[in-house]
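Notes for the structure review
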Amino acid sequence: MTTGKQSAGDGDKQVEKAHVKVGHVGPLAFQAGNLLSSADMVLKTAGTDNAAPQKLEMSPIHPKNVAAKKFDVSKPPSELARTGAIVDNSALTPEHRIESSPAIDKSVPKINVEMQDLDKPAKAQPHFVVKVDGRVEMNGDPEKLNSKDIKVQIERKDGQLNPTDAQQKAADDLVKYLSERIQTNNSQAANGVELNDQDNVISPEIERSQNLRPAKEMKHVTPETRESIEQTHRFNGSNGVDMPRAATERMGSFGTRDVPRQPNETDKDMGVKEAVAGLWKPERNAAYETVRRHPDGDTRVGRYGLSGRQIASFLESLGDPPDPAMIEKLIREGKLSKGFAEQLKNPEFLAKLKGMAAKMDKGVSPDKEELRNLLPKEAQEGMVSSMIADLKGKFGDNPGAISAAALSGKPPKDVTREDVTSAEGQQLSNAGQRLYDVAMNRQNTEQQVTGNIPQGEKRELIETALEKAGVPVTAANLAAVNLIVQRESSWNPNVVNNWDSNARKGTPSKGLMQTIGPTFNSYSIPGHKNILDPVDNMIAGIRYATSRYGSLQNVPGVKAVAQGRAYRGY
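This text gives an overview of the structure that appears in the document. (Residues numbered from 1 in each chain as written. Predicted model: local features only at pLDDT ≥ 70, side-chain atom pairs only at ≥ 80, totals over all residues. Heavy atoms only, no water.)

Thoughts on the overall build of the protein chain
Looking only at helices and strands, the protein chain has 22 helices and 14 strands in total. Burial analysis of the protein chain (570 residues in total) assigns 54% to the buried set. Considering only residue pairs separated by 6 or more positions, the protein chain has 69% of its internal contacts joining residues 24 or more positions apart. Just so you have it, the protein chain exposes about 25,500 Å², and 50% of that area is on carbon and sulfur atoms. (Helix = DSSP H or I, 4+ residues; strand = E, 2+ residues; numbered from the N terminus. Buried < 20%, exposed > 50% of the residue type's maximum accessible area, 1.4 Å probe, protein only. Contact = heavy atoms within 4.5 Å. Areas by Shrake-Rupley, 256 points an atom, 1.4 Å probe, with all protein chains shown as cover.)

Below is the structure:
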C-alpha cells in the first residue's frame, strides 16, 4: 500500500524528540514520560558538548588522543601514566578514599566494573575512571597500593544509560590489561581472575579470552538471562537521567513479538509478557523458534523459555482427553487460538506434543520445524497468558515476582515463594520489574507519539472496525489506526490514488486506509464488502496489517513515527 494523503497538514508535522525520566518514583518504578529518540540522538545525549553541565572535576590537562594509546601489559600502571596512555590523578586523591592492602597480602586481586552511581556519592574512589570520550584516568595505582578489589568506574553523564562506544572499547582494553597483569604477577591467578560486572559493561569476548569469572555465579539461569539482569542493573544510580527510547532497544526482547494482542489481554498482561521474554532473551530473528539448553539440564523453548513441565501442566489443565468446555472457555478468554484448539482435539497431535514436552524435560532439544508444528507462536502466547493468570493468584499484581516464577521453569502450581525470594530469584524479580516498567513506558509513548486518539464519530468508527477485525480495542490500537488513516487518506473515505505503482497495475489504492482491491477482497469480512465504506475499509486494512506485521504497532509507518522518523506507507 502507498500513501494517498490529500492534504499536507498531518504529513508536515514533525514529531518532537521525547525522553523518559528514569528516576525513583517507587523502588523499581520509572517516572512517566516519553521514550522517543533516534539513534543519532542517543549519541548526542551520551556525553557530547551538548550534555547537561556536570560538577567541576579536578583533572590535569591532557591531550585529546590519549584514549587511542595502547595498554602495554609489560608496563605497570605508573609507567602507562608516564607514557600518556592513562591520565594520573593519584596525587589529587586522598589516601583514605582508595582501597589498598598490606604488602604481606598475596591473595589474587579482583576486578570490579560498574557504571557511575549518580544517586549518591561514593564512599571510596575508584582506581580508574573511564570517561565518556574513552579517556582513562587513574586515581590510584592498584599495584603500588596492593589493592585486592580493583575498581573501574564508567563515567555517566545526564542522558546516558549505556556506555558510549569509546567507553566500551576503553573498558575492554583496560580490563584485559589488568587481567593480564594480575595473571603475570600472581601465580594463584592461573585459573582466571574474578570479575564483578553487574552492569554488563565488559564484552563476552574479553571475558572468555581472559577467563574472567563472575563474582557471583547464577547457576540456575542461562548466559542470556544473566546478560539481561546485568543490563537492567544499569538503571541503578541513574539519578533521573533522561533516557532516549533507543537506549532501551538493547534491553530485553522488545520488538520480537509478532502475534497480535489477544482478546482480553490487558496492557499490564502485555507488560508482564514483555518482562518474561526480556529476561529469557530469545533469538531476535526467530524468537518463537528459540531452542536453548538450560543449566538445570532441561530444554526451554520459544519466546518465553517454556519448559517441558510448563507445557505438560498446561495440557493437563485441559483434561485427558481435553474437555471441550474448558477449551471453549480458554478461546473466549483469548488464551487459546481456535486453530491450536482444533489441533488439540486430534489424539495423534496431542501425543506428539506431550512426547516433545517429556523429551524436553530430559534435555532433548526439538528442532525448529518440530517446534513450529507442535507449538506455534499463537499457542505459546496462549500458554503464557494462562500461566500469568495462574501466577497472579499466588503473587498478586507483582510483575517482577511473576516474571521470576515464569523463568523458574516450574508450572504455576509448583512454584514456591522461595523461587522468587532466593538470591537468584530476587535478581530475576528486580530485573523483571524494571523490564515491565520499560515496557509500560514504551507502550505509553507509542500511544502518545503515533497519533492522537480521536473522539466522537471517528473513535466510534475505529472501535467498530477493531472489534469486527478481532483486534483488541486499546488506546495504542486506536492511536495507531488513527495515525494510518490520517497519513494515508486524511480521513477522506472517497480517496482513490490514481498515480502510484498500484494504479499503473490497474489496482489503485482506495478509501481510508488506502487498500488495493485484491487486498481488500482477501481481508474483508462478510457483510463488509464496500471498499469505500469507512468501517469496511478499516476492517480489511486492520486485518491485513496485523496479519502481515503481527500488530498495529509493528506497521512500518507506526513504528517509524514512534522512533522519531518519518511516516511511510504500509
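That was the structure; now back to the text.
Here we look at the layout of surface pockets
Computed from the structure, the second largest pocket encloses a volume of approximately 590 Å³. Around the second largest pocket sit 21 residues that line it, and Pro-260, Arg-261, Pro-263, Ser-337 and Gly-470 are the ones nearest its centre. Among the elements of the structure, α13 (377–395) and α21 (534–549) are those that each provide at least two residues to the lining of the second largest pocket. Its residues assigned to classes, the lining of the second largest pocket comprises eight nonpolar, seven polar and six charged. (1 Å grid on protein atoms, 1.4 Å probe; cavity = no way out; pocket = protein on both sides within 12 Å on 5 of 7 lines; lining within 4 Å. Points joined across faces, edges and corners; volume = space filled by probe spheres on them. Nonpolar A, V, L, I, M, F, W, Y, C, P; charged D, E, K, R; others polar.)

What to know about empty space enclosed by the protein
Applying the stated criterion across every chain, the model contains one cavity of 30 Å³ or more. Of the voids in this model, the largest cavity is the one considered here, and its volume is about 40 Å³. Lining the largest cavity are Pro-260, Arg-261, Val-471, Pro-472, Asn-477, Thr-546, Ser-551, Leu-552 and Gln-553. In terms of residue class, the lining of the largest cavity is built from four nonpolar, four polar and one charged.

Thoughts on helix α4 (residues 165–185)
Helix length check: α4 (21 residues) gives 30 Å between terminal C-alpha atoms against 30 Å at 1.5 Å per residue, within 8%. Among the residues making up α4, those that are buried are Gln-167, Ala-170, Ala-171, Asp-172, Leu-174, Val-175, Tyr-177, Leu-178, Ser-179, Arg-181 and Ile-182. (Expected span 1.5 Å × (residues − 1).)

Digging into the pairing of strand β3 (residues 110–115)
Bridge count for β3 against strand β6 (residues 149–154) is six bridges, and the pairing is parallel. Pairing of Val-113 across the sheet is with Val-152, part of β6. Alignment of β3 against strand β7 (residues 194–196), held across two bridges, turns out to be parallel. What sits directly across from Ile-111, in β7, is Leu-195. (Pairing = 2+ DSSP bridges.)

Comments concerning the packing of aromatic side chains
Scanning all chains against the criterion turns up three aromatic pairs. Taking the centre distance of 5.9 Å and the plane angle of 40° together, the rings of Phe-71 and Tyr-177 count as tilted. One end of the pair, Phe-71, is in the loop between α1 (39–45) and α2 (77–83); the other, Tyr-177, is in helix α4, and 106 residues separate them in sequence. You'll find Phe-71 and Tyr-177 in the same group, each marked buried. The residue whose ring lies beneath Arg-292 is Trp-280, and the NZ or CZ to ring-centre distance is 4.6 Å. (Phe/Tyr/Trp six-rings, centres within 6.5 Å; stacked < 30°, edge-to-face > 60°. Lys NZ or Arg CZ within 6 Å of the ring centre and 35° of its normal.)

Some points on the environment of Val-420
Turning to its location among the elements, Val-420 is positioned in helix α15 (residues 418–421). For Val-420, a relative accessible area of 5% corresponds to the buried category. In this structure, the C-alpha to C-alpha distance between Val-420 and Ile-402, residues 18 residues apart in sequence, is 8.4 Å. With near-sequence residues (within four places) excluded, Val-420 lies in contact with Phe-395, Ala-401, Ala-404, Ala-405, Gly-425, Gln-426 and Ser-429.

What about the sheet that holds strand β10 (residues 291–293)?
Strand order in the open sheet formed by three strands is β10-β11-β12, with antiparallel pairing between adjacent strands. Each end of this open sheet is capped by a strand with a single partner; those strands are β10 and β12 (306–307). Bridge count between strand β11 (residues 299–301) and β12: two bridges; the pairing is antiparallel. Among the inter-strand pairings, Val-301 is bridged to a residue of β12, identified as Leu-306.

Observations concerning the pattern of salt bridges
Under the defined criterion, the tally for this structure stands at 35 salt bridges. For Asp-173, the salt bridge identified is with Lys-169, shortest N-O distance 2.8 Å. Taken together, the residues Asp-173 and Lys-169, both in helix α4 and four residues apart, mark about one turn of the helix. Relative accessible area serves as the criterion here: at 28%, Asp-173 is assigned to the partly exposed category. One salt bridge in this structure joins Lys-335 and Glu-333, with 3.4 Å as the shortest N-O distance. Each of the salt bridges in this network shares a partner with another, and the network as a whole consists of Arg-257, Glu-265, Lys-273 and Glu-381. (Salt bridge = Lys/Arg side-chain N within 4 Å of Asp/Glu carboxyl O.)

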